[in-house]
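Overview (structure and organization)
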Amino acid sequence: MGLHGDTPDKVNHLVKHTAIISDLHLCEAEQINPKFPLWKKFKTRQFFFDETFQSFLLHIQFKAKGEKVELILNGDIFDFDSVMVMPEDPTFRIHWLERKRGLYPRPERAHFKIKTIIKHHPVWFESLSKFIQDGHSVVFIMGNHDLELHYPVVQNEIRHALQLSDSTQELVRFCEWFYISNQDTLIEHGNQYDPYCVCEDPINPFSQGYNYSTLKLPFGNLACRYILNGMGFFNPHVDSNYIMSLGQYIKFFVKYIWRAQPLLVWDWFFGSVVTLIVSLSDRLLRPIRDPLRLEDKVNQIAQKANADARMVRELRELFVPSATSNPFLIAQELWLDRAFFVLIAFLIVLEIMLMVKQFFDVSIFWGLIPIALFLPFFLFYSKSITSLVSNYKEPDEKNLSTAAAITRVHRIVFGHTHVVRHEMIGAVEHLNSGCWSPAFSDVECTKAVGQKNFIWIEPCAEGNRRSQVLVFDPNAMQKI
C-alpha cells in the first residue's frame, strides 16, 4: 500500500442524526512525578474521559430513538505531537532530539504512536467499536495535531483496534480536511484558516527527506513538540497558559517553576531555536507529488467528503498562507527577536566597558547603567508586539460565505479554537463544538476550561434539520 492509501470508503450520504465533537487530544498517560506532581498533571490518567465518552455514545443513540447516528470526530482527536513514549526495541534509529521532544512525523514512528494511544485508551476504542457494530457511522476529520492520520498504516491500525468486520469497514472513513453531512452541513476542523496551524497541502501532505518520507508540520505543532513538551508546567490546551506578558512569566516562574526547572529559560531558548530551524528547513524539503495521480487523489478526497472534485479544488483556494513563510514573524512569536536584542545590547555594553578599562580603572558593574537605560526601550518594544497566535478565533464572514457557496450548504461547523460558538454570520449558521481536552487555566488542574460539548443535528417539523450546541453530562443534559 502506498502513502496515499487505496480507494475511499463508502458511507450512506444521507443521514438524519449527526453528532459532532472535536479536540479530544487523546494521548498516552503521563507518569506522576513524585517529586514534582504538577509536572504535566493535565496529562495524567486521572483526567482521562474514556468512560464519559462511552456514556456519550449511548446517549446520542438514545436521542436518535433507534435510528442511525453519524458521529463526526472533527479533528485533533489524537494528539501525536504530545506523545513522548519511546519504543523499547525500535526497528528504526532514534535521534537524540526525538528522545528529548518526541518522535518525528514519519510513518513507522506515527504507527508506534497510534499503537501507544490505543493501548492507553482501551475503553474509548472498545466503546467506539461497539457503536460501529450497532450500525452507526464514524467520520474522522484530520486536524493539525493528528495530521499523521494521513499515513495509511495509522488508519489501518485504528481500523484494527475498532475490530471492524467486512460489513462494518464501510462505516468508518478518514477525511483529509472537510466533510459534507446530508448536503446541508460543511464540517472542517478549521486549522486551514489559521496561518500558524495550516497544513499547506493536504492533497499532497508528504515530503521527501534523505532516505525517508515525512509530514511537513505547521508552526503550531512544532512549537508544541519542541517547546511545550519540555515545559511541563504549561498546559498546551489553553492559550493563556503559555502566552503571557514578561511580568506574568516572572510571577509564574517564581510560584511554580524555579525549584523544579531552574533552567527554564534555557529550555525555552533551546526549544524556540529548534522550532525556528525545523520550520524553515522543512520548507526546503521536496514535496512528494505525482501529477499522474493528482486527479485520482482529488476524486478520492471528494468521494470521502460527499463532495465533488470541483469543491475540493475551490475549498483549497481558501487556505491561508503558512506563517512559516515569514521567518521574522515566527521569531517574534518565539520571543527570539527579544532574546537577540538583549544579547546584542549585552555584547555592546561589554565591548564598551572593556575599551574603557584600558584607559580607566573602573568597575565592570558600571555597565549596569547603560543596561538600565536600555531597559525602558526593550520593555516598550516587547509591549508593542501582540501575539497573533492567540488572536485567531474563527474564519471571517467572507471565508464562511464563500465556503458555503462552494459546497452549497447553509451551516458550517468548526473545531480547533476550543471555543464554543453558535451564531449566524451573514446567511451562514456557524457552530463550534469546543473541546473535550484536559484544558485547565491553572497548574493544579482545578479550574477546567470548557465542558464536554457536542453539536447535535436532527430533523425538524419543517422537513429540514436543526442544530444545537449541547453539553453532555452523564446525569443531565442542558442546552447552552
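First things first, this report covers the structure right here in the doc. Since the structure is predicted, the reported quantities are computational estimates derived from the model, not experimental observations.

Rules of the game
- Residues numbered from 1 in each chain as written.
- Predicted model: local features only at pLDDT ≥ 70, side-chain atom pairs only at ≥ 80, totals over all residues.
- Heavy atoms only, no water.
- Helix = DSSP H or I, 4+ residues; strand = E, 2+ residues; numbered from the N terminus.
- Rg over C-alpha atoms; globule rule 2.2 N^0.38 Å.
- Buried < 20%, exposed > 50% of the residue type's maximum accessible area, 1.4 Å probe, protein only.
- Areas by Shrake-Rupley, 256 points an atom, 1.4 Å probe, with all protein chains shown as cover.
- Lys, Arg positive; Asp, Glu negative; His and termini not counted.
- Charge placed at Lys NZ, Arg CZ, Asp CG, Glu CD.
- Core = buried A, V, L, I, M, F, W, Y, C linked by side-chain atoms within 4.5 Å.
- Contact = heavy atoms within 4.5 Å.
- Phe/Tyr/Trp six-rings, centres within 6.5 Å; stacked < 30°, edge-to-face > 60°.
- Lys NZ or Arg CZ within 6 Å of the ring centre and 35° of its normal.
- 1 Å grid on protein atoms, 1.4 Å probe; cavity = no way out; pocket = protein on both sides within 12 Å on 5 of 7 lines; lining within 4 Å.
- Points joined across faces, edges and corners; volume = space filled by probe spheres on them.
- Nonpolar A, V, L, I, M, F, W, Y, C, P; charged D, E, K, R; others polar.
- Salt bridge = Lys/Arg side-chain N within 4 Å of Asp/Glu carboxyl O.
- Pairing = 2+ DSSP bridges.

Secondary structure assignment for the protein yields 14 helices and 15 strands. Computed over C-alpha atoms, the radius of gyration of the protein comes to 24 Å, within 12% of the 23 Å expected from 2.2 N^0.38 for 480 residues, which places it in the range of a compact globule. Considering only C-alpha atoms, the protein reaches an extent of 90 × 55 × 55 Å along its principal axes. Expressed as a percentage of the 480 residues in the protein, the buried residues total 56%. Looking at the protein as shown, the accessible area adds up to about 22900 Å², and 59% of this sits on carbon and sulfur atoms. The distance from the centre of the 49 positive side-chain charges to the centre of the 52 negative ones in the protein is 3 Å.

So, on to the nonpolar core. Core analysis: the biggest nonpolar cluster contains 57 residues, and Phe56, Leu71, Phe78, Trp124 and Leu128 have the highest contact counts within it. The biggest single contributor to this core is helix H4 (residues 122-133), with 5 residues. Excluding anything up to four places from it in sequence, Phe56 contacts Ala19, Ile21, Leu71, Trp436, Phe454 and Phe472.

Within the structure shown, the criterion is met by 26 aromatic pairs. Here Phe49 and Trp436 contribute two aromatic rings whose centre-to-centre distance is 5.8 Å and whose plane-to-plane angle is 70°, an arrangement assigned as edge-to-face. Placement of the pair is Phe49 in the loop between strand S1 (17-21) and helix H1 (50-63) and Trp436 in the loop between strand S12 (428-433) and strand S13 (453-459), with a sequence separation of 387 residues. Across the pair, exposure class does not vary: Phe49 and Trp436 are buried alike. Ring centres of Trp177 and Phe178 lie 5.1 Å apart, and the angle between their planes is 55°; this geometry places the pair in the tilted category. Considered together, Trp177 and Phe178 belong to a single accessibility category, that of buried residues. Put simply, the rings of Phe49, Phe53, Phe56, Phe78, Phe80, Trp124, Phe125, Phe140, Phe174, Trp436, Phe454 and Phe472 touch in pairs and so form one group of aromatic residues. Lying over the aromatic face of Phe270, Lys100 brings its terminal NZ or CZ to 5.6 Å of the ring centre. When the ring centre of Tyr212 is taken as reference, the NZ or CZ atom of Arg106 above it lies at 3.6 Å.

Under the criterion given, the structure shown has 3 cavities of 30 Å³ or more. Taken as a whole, the largest cavity holds about 150 Å³ of empty space. Of the residues that constitute the lining of the largest cavity, the class distribution is 9 nonpolar, 4 polar and 3 charged. The computed volume of the second largest cavity comes to approximately 70 Å³. What lines the second largest cavity is a set of 14 residues, and nearest its centre among them are Glu200, Leu217, Pro218, Ser322 and Thr324.

Scanning the entire structure with this criterion turns up 21 salt bridges. For the salt bridge of Glu28 with Lys43, the shortest nitrogen-to-oxygen distance reads 3.1 Å. Of this pair, Glu28 sits in the loop between S1 and H1 while Lys43 sits in the loop between S1 and H1, placing them 15 residues apart in sequence. As far as burial versus exposure is concerned, Glu28 and Lys43 are alike and both buried. Between Arg421 and Glu423 there is a salt bridge; the shortest N-O distance is 2.8 Å. One continuous salt-bridge network, built from bridges that share partners, spans Asp81, Lys113, Glu148 and Arg225.

Right, let's get into the environment of Gln155. Relative to the elements of secondary structure, Gln155 occurs in helix H5 (residues 152-161). Remark: the alpha-carbon pair of Gln155 and Pro105, spanning 50 residues in sequence, is separated by 15 Å. Setting aside anything within four residues of it in sequence, one finds Gln155 in contact with Met142, Leu149, His150 and Phe174.

So, on to the sheet that holds strand S9 (residues 286-287). Across the sheet, which stays open at both edges, the 3 strands sit in the order S8-S7-S9 with antiparallel pairing between neighbours. Strand pairing shows two members of the sheet lacking a second neighbour, strand S8 (212-215) and S9, which therefore form its edges.

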